[in-house]
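Structural description and commentary
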Amino acid sequence: MTGSHLGAAGALVERVLLDDRVPESERVQLLVETEGAMSAAEGVARRIDDGLDESTLADSLYVRHRVQDALSRVVPRAAELLGDLGSTTSDEVGHLATCANGLALQPPARFRMTGPPAAHLVDGPLTIA
């Protein structure tokens, strides 16, 4: 799910990158944040492909929530920067923004997952309920 929501955000950011009316600093900032999140997600996905253990599972939770935080900053900013475009493009921007924003709604919820990673950090078991 993280990759799907991140992909929608990446498509939105791509539209910002191609719009030369958007200041270069804004484009670069969105690119850096999106690519950083993508790199973290790809890294943990490769580790999962090699075999899932508690450490990899914990890292996947950390990355998922980090990506969720990045999307909460990137998506509204990208939509705002693209907001004055024509109606067809605005519909597309709105659709991509909606698709990218759903990660916070996917389980496990962050507030339910503070205890298990905290326990794991002090060598306790990582349990996901």
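Residues numbered from 1 in each chain as written. Predicted model: local features only at pLDDT ≥ 70, side-chain atom pairs only at ≥ 80, totals over all residues. Heavy atoms only, no water.

Following both chains from N to C, one finds helix H1 (residues 2-17) and helix H3 (residues 54-82) inclined at 30°, their axes separated by 9 Å at the closest point. It follows that H1 is roughly parallel to H3 by the angle criterion. For the element pair H1 and H3, the recorded crossing hand is left-handed. Contact residues: Thr2, His5, Leu6, Ala9, Leu12, Val13, Arg15 and Val16 in H1; Arg64, Val67, Leu71, Val74, Val75, Ala78, Ala79, Leu81 and Leu82 in H3. For the contact of H1 with H3, the class distribution of residues is 13 nonpolar, 2 polar and 2 charged. (Axes fitted to C-alpha atoms, helices over the stretch in contact; angles between N-to-C directions. Helix = DSSP H or I, 4+ residues; strand = E, 2+ residues; numbered from the N terminus. Parallel < 35°, antiparallel > 145°, perpendicular 65-115°, else oblique. Left-handed = near helix turned anticlockwise from the far one by under 90°. Contact = heavy atoms within 4.5 Å. Nonpolar A, V, L, I, M, F, W, Y, C, P; charged D, E, K, R; others polar.)

Another point: H1. With 16 residues, H1 should cover 22 Å at 1.5 Å per step; its first-to-last C-alpha distance of 22 Å lies within 8% of that length. Those residues of H1 that fall on the buried side of the exposure criterion are Thr2, His5, Leu6, Ala8, Ala9, Leu12, Val13 and Val16. End-on view of H1: buried residues confined to an arc of 155°, all on one side of the axis. (Expected span 1.5 Å × (residues − 1). Buried < 20%, exposed > 50% of the residue type's maximum accessible area, 1.4 Å probe, protein only. Arc of directions from axis to C-beta.)

Once that is clear, we can look at the nonpolar core. Ranked by internal contacts, the top residues of the largest apolar core, which has 25 residues, are Leu6, Leu12, Val16, Leu30, Val67, Leu71 and Val75. Mapped by element, the contributors of at least two residues to this core are H1, helix H2 (24-50), H3 and helix H4 (87-100). If you tally residues by element for this core, the top one is H3, at 9 residues. Discounting chain neighbours no more than four positions away, the residues touching Leu12 are Val75, Ala78, Ala79, Leu82, Val93, Leu96 and Ala97. (Core = buried A, V, L, I, M, F, W, Y, C linked by side-chain atoms within 4.5 Å.)

What follows concerns unusual backbone geometry. At Asp123, a residue that is not glycine, the phi angle is positive and equals roughly 70°. You can see Asp123 is positioned in the segment after helix H5 (115-121).

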